[in-house]
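Structural overview
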Amino acid sequence: MSLDPARLAPMANAIRALSMDAVQAANIGHPGMPMGMADVATVLWSEFLKFDPADPKWPDRDRFVLSAGHGSMLIYALLHLTGYERPTMDDIRNFRQLGSPCAGHPENFLLDGVEATTGPLGQGLAMAVGMAIAERHLNAKFGDDLVDHHTWVVAGDGCLMEGINHEAIGLAGHLGLGRLIVLWDDNDVTIDGHTDLSTSEDIPARYRATGWHTVACDGHDPADIRRALAEAKADPRPSLVACKTVIGKGAPNKQGTSAVHGNPLGADEIAAARVYLKWDAPAFEIPADIMVDWRSLGAKGAEANRAWQGRLGGNALKDEFEGQLSEIASLAPPILEPHIAALAKDPPKVASRKASEMALEPLTQQLPQLIGGSADLTGSNNTKTSSTKPFSKNDYSGRYLYYGIREFGMAAAMNGMALHGGVVPYGGTFLVFSDYCRNAIRLSALQQVRVVYVLTHDSIGLGEDGPTHQPIEHVMSLRLIPNLNVFRPADAIETAECWALALGTPKTPSVLSLTRQNLPPVRTDGGAENRSARGAYRLRAATAERKVVIMATGSEVHVAIACAEQLESEGIGADVVSMPCMELFEAQDEAFRRDLLPADTLKVSVEAGVTLGWDRFIGNDGLAIGLDRFGASAPAEVLFRHFGFSAEAIVPKIKDKLAV
């Protein structure tokens with residue numbers, strides 16, 4: 001039902017007042033976007049958006065993503081006005097201050113109702129594509145009665161300029177994600193000034209070329225906004241709504257200029273804006289009648305939620321639906337136990353990318369939540385299984401996405417799927433191309449979502465493709481990202497163990513760094529204990545008096561074993577420690593770490609990548625065997641010999657170090 005325009009205007013002005021006052025109090029922030037999009041947001045939230053502040057995790061709520069995250073006061077104002085538990089008015093008063101959930105950019109782990117952490121421009125829209133994918137998949141399984149919602153995005157010019165926008169909208173258009181609607185804050189202004197300084201493209205034409213529906217409206221005319229949103233909602237294609245707005249609308253002397261983009265208005269301009277908007281209330285106060293109108297929207301959402309709960313209660317698929325939404329962290333280990341036992345009985349010599357595929361077979365068969373994919377490298381990443389048919393415009397029930405050559409878009413879409421819930425995404429590309437995805441991987445970690453990145457061809461071991469494709473710094477650089485587990489398994493058993501660990505951390509994403517080349521088995525034990533769970537373990541104990549501990553990861557573990565065997569043959573005791581995950585090892589107690597890496601031994605690290613970072617384990621007197629230069633084009637076995645990853649090359653260095 002449409003609200004009286006006379007009531008909509010003061011509701012929108014409440015957003016403007018809170019935005020300009022909060023930014024002024026913080027003396028930093030972006031008032032222009034929330035003031036400019038206040039009218040659009042008011043129509044959207046009052047007449048189109050399906051939400052319930054009393055039940056912010058309601059599975060069938062619409063998702064609202066503020067891709068233009070710098071305008072964070074828009075969502076903070078909306079959440080407060082509509083009756084979410086937080087932010088409180090005190091939270092808003094403390095905008096951008098330590099301890100306030102009203103951070104400079106919206107963060108999903110601080111406030112219910114913030115569906116995604118945004119700020120890096122373009123990624124909010126790209127994550128929304130993933131949310132729309134998850135919605136269509138669950139709808140295909142459970143029908144309109146249980147899953148029937150939209151994903152709404154507010155995006156600015158910057159979101160549409162970023163390269164990820166090309167990837168995201170191409171994927172959404174190809175898949176026909178008609179429940180995705182992007183509201184473009186078309187205000188002609190960026191930080192540097194008018195958009196004609198940097199762009200002259202026809203943005204709606206670009207969207208139409210990728211299969212989107214487009215429509216324009218006056219972003220300050222409620223009737224026209226309503227018309228455009230209704231048209232977008234009715235169209236079966238994803239929609240771009242170009243909302244022509246004035247940035248900083250309501251600030252009479254600064255509106256329409258870049259001066260309101262990222263700076264407080266100043267006391268004089270705020271006073272002028274209050275006169276211009278006929279807003280008499282003091283800072284951080286909302287007149288009671290306006291607050292009543294806003295809070296009534298929450299009651300409307302609660303009614304829709306109750307109706308949905310009634311449909312769920314009487315639905316034959318209720319138990320299956322609730323199972324789809326349930327946590328899977330504890331399910332992977334028992335699923336993989338028979339697989340690991342079979343590997344121990346007959347250890348295969350396979351690449352860890354193939355070992356990953358072998359583990360995925362029982363996992364995808366028994367966990368319907370898993371949705372896989374690859375950025376045009378399915379046959380190389382080994383990410384598709386017999387249980388995962390393609391997800392397509394003609395069949396949304398599929399569980400495998402062909403992302404095309406869109407690594408960044410894939411990573412962001414997986415974040416969106418994980419944030420949506422009901423699905424657990426994994427996706428593959430070459431490790432060297434993780435640089436294309438890196439900012440989305442960082443957002444996986446920041447947002448505390450379980451996304452599994454299957455990154456194959458993880459070293460010079462990929463061979464003839466040469467230095468452009470051979471990762472050198474990538475594994476260690478990914479280890480720099482907080483709250484990201486980077487796994488580099490040594491054989492098929494470790495790979496299965498790492499998959500169990502990756503799926504067992506609902507608030508931590510994981511990287512599986514996997515080989516192209518075959519690896520000899522280093523494990524023949526398949527017991528109930530996951531030996532990779534502590535990040536590192538003693539794979540082989542010294543038989544002679546222990547003098548050396550050789551640490552290695554992935555394809556270099558069997559090299560470490562060969563080194564230890566040669567040293568032992570010469571009476572030098574050597575432990576071999578496999579370290580599939582540095583992050584998990586560093587989380588262990590000091591006693592465990594000291595036992596594994598005793599102080600009275602020479603510590604040696606062996607990894608076909610940069611040596612930077614190993615010093616924390618080998619100490620100042622240790623020996624780091626690695627590769628601090630780019631690789632070369634040649635067969636893998638030739639490269640490993642050439643760059644010194646062999647017992648013949650490493651053992652003399654160890655003996656020399658011991659002799660010092």
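Summary of the structure given here. If you're wondering where the values come from, they're calculated on a predicted model, not measured in any experiment.

Some thoughts on the side chain of T195
Relative to the helices and strands, T195 resides in the loop between β5 (193–194) and α9 (203–209). According to the relative accessible area criterion, T195 is buried, its value standing at 8%. The contact partners of T195, leaving out residues within four places of it in the chain, are D157, M161, D188, V189 and T190.

A closer look at the side chain of D39
Structurally, D39 is set in helix α3 (residues 38–47). Taking the relative accessible area as the measure of exposure, D39 reaches 11% and is therefore buried. Excluding residues within four positions of it along the chain, D39 makes contact with A12, R16, G219, H220 and I225.

A closer look at the sheet that holds strand β11 (residues 424–430)
The strand order across the open sheet formed by six strands is β10-β9-β11-β12-β14-β13, and the pairing between neighbours is parallel. Among the strands making up the open sheet, the edge pair consists of β10 (400–402) and β13 (485–487). If you compare each strand with its neighbour and ignore which way they point, the axes differ by 20° on average. Summarising the sheet, strand β12 (residues 452–456) and strand β14 (residues 510–513) pair through four bridges and their orientation is parallel. Paired with V452 across the strands is S510, a residue of β14. The sheet contacts of helix α20 (residues 492–503) involve β9 (370–374), β11, β12, β13 and β14, and relative to β12 the element is tilted by about 150°.

Notes on the pattern of salt bridges
Following the criterion strictly, the structure yields 37 salt bridges and no others. For K50, the salt bridge is made with D60, and the minimal N-O distance between the two is 2.9 Å. Of the two residues, K50 sits in the loop between α3 and β1 (63–66) while D60 sits in the loop between α3 and β1, which places them 10 residues apart along the sequence. We note a salt bridge from E590 to R594, for which the minimum N-O separation is 2.6 Å. Of this pair, E590 and R594 both sit in helix α23 (residues 590–596), separated by four residues, roughly a single helical turn. Owing to a relative accessible area of 45%, E590 belongs among the partly exposed residues under this scheme.

Let's talk about the pairing of β9
Every other side chain in a regular strand lies on the same face of the sheet, so the side chains alternate between the two faces. Of all the five residues making up β9, five are buried; the element is thus mostly covered by neighbouring parts of the structure. Here β9 shows a buried face lined by L370, G372 and S374 and a second buried face lined by I371 and G373. With three bridges connecting them, β9 and β10 associate as parallel partners. Residue pairing across strands places S374 opposite Y402, the latter belonging to β10.

Examining the packing of α3 against helix α12 (residues 288–313)
Contact geometry for α3 and α12: axes closest at 9 Å, N-to-C directions at 40°. Packed against α3, whose contacting residues are T42, W45, S46 and E47, the element α12 presents W294, L297 and K300 at the interface. Residues of the contact of α3 with α12, tallied by class, amount to three nonpolar, two polar and two charged.

A word on the packing of aromatic side chains
By the definition in use, this model includes 18 aromatic pairs. Ring geometry for W45 against F51: centres 4.9 Å apart, planes inclined by 55°, an arrangement best described as tilted. A relative accessible area of 1% means that W45 is categorised as buried. Between F433 and Y436, the ring centres sit 5.6 Å apart and the planes meet at 20°, which makes this aromatic pair stacked. The exposure class assigned to F433 is buried, which follows from its relative accessible area of 19%. Site record: aromatic cluster; members linked through ring pairs are W45, F51, F64 and Y84. Over the face of the ring belonging to Y400 we find K384, whose NZ or CZ atom lies 5.9 Å from the ring centre. For R534, the ring lying beneath its charged end belongs to F592, and the centroid distance is 3.8 Å.

A word on helix α26 (residues 647–659)
In this model α26 runs 18 Å from its N-terminal to its C-terminal C-alpha over 13 residues, within 8% of the 18 Å that 1.5 Å per residue would give. Among the residues of α26, those classed as buried are A647, I650, V651 and I654. On an axial view of α26, the arc spanned by its buried residues comes to 100°, and they lie on one face. The exposed residues of α26 that point more than 90 degrees off its buried face are E648, D656 and A659.

A look at a nonpolar patch on the surface
Among the surface-exposed residues, F109, L110 and L446 lie close enough to one another that they form a single nonpolar patch of about 210 Å² accessible area. For F109, the position within the fold is in the loop between α5 (89–93) and α6 (123–142).

Section: the pairing of strand β18 (residues 573–578)
Counting buried positions along β18 yields six of six residues, so the element is predominantly enclosed. Residues of β18 alternate between two faces, with G573, D575 and V577 on one and A574, V576 and S578 on the opposite face, all of them buried. Looking at chain direction, strand β16 (residues 537–540) and β18 are connected through three bridges and run antiparallel. From the neighbouring strand, R540 faces β18, where its bridge partner is V576. Relative to β18, strand β17 (residues 546–552) runs parallel, the two sharing six bridges. Bridging from a neighbouring strand, A552 pairs with S578 of β18. Viewed along the sheet, the connection from β17 through helix α21 (residues 557–569) into β18 turns out right-handed.

Rules used in this analysis
- All chains use their own residue numbering, which begins from 1 and follows the written sequence.
- Reporting of local features is limited, given that this is a predicted model, to residues whose pLDDT is at least 70; pairs of side-chain atoms are given and counted only at 80 or more, and all residues count toward the totals for whole chains, interfaces and linings.
- Side-chain metrics in this entry use all non-hydrogen atoms of the structure; hydrogen atoms and water are not considered.
- Numbering goes from the N terminus for both helices and strands, where a helix is a DSSP run of H or I of at least four residues and a strand is a run of E of at least two.
- Accessible area is worked out with a 1.4 Å probe on protein chains only. A residue is then buried under 20% of its type maximum, exposed over 50%, and partly exposed in between.
- Contacts between residues were defined by any pair of non-hydrogen atoms, one from each residue, lying within 4.5 Å.
- A pair of strands is considered paired only if DSSP assigns at least 2 bridges between the two.
- Lines fitted to C-alpha atoms define the axes, with helix axes restricted to the stretch in contact, and inter-axis angles between N-to-C directions lie between 0 and 180 degrees.
- In the sections that follow, a salt bridge refers to a side-chain nitrogen of Lys or Arg positioned within 4 Å of a carboxyl oxygen of Asp or Glu.
- Under the grouping applied here, Gly and all other residues not named as nonpolar or charged are polar, the nonpolar ones being Ala, Val, Leu, Ile, Met, Phe, Trp, Tyr, Cys and Pro and the charged ones Asp, Glu, Lys and Arg.
- When two rings of Phe, Tyr or Trp (its six-membered ring) have centres within 6.5 Å they constitute a pair, described as stacked for plane angles under 30 degrees, edge-to-face for angles over 60, and tilted for the intermediate range.
- Geometrically, a lysine NZ or arginine CZ counts as sitting over a ring once it is within 6 Å of the ring centre and also within 35 degrees of the ring normal.
- Multiplying one less than the number of residues by 1.5 Å gives the expected span of a helix.
- Arc, as used here, means the arc of the directions from the helix axis to the C-beta atoms.
- What goes into a patch is any residue over 30% in relative accessible area without a salt bridge, connected to like charges within 9 Å or, for nonpolar side chains (Val, Leu, Ile, Met, Phe, Trp, Tyr), within 5 Å.
- Note on areas: Shrake-Rupley with a 1.4 Å probe; residue coverage comes only from the protein chains shown.
- Orient the strands so they point away from the viewer; a crossover is then right-handed if the path from the first strand over the helix to the second runs clockwise.

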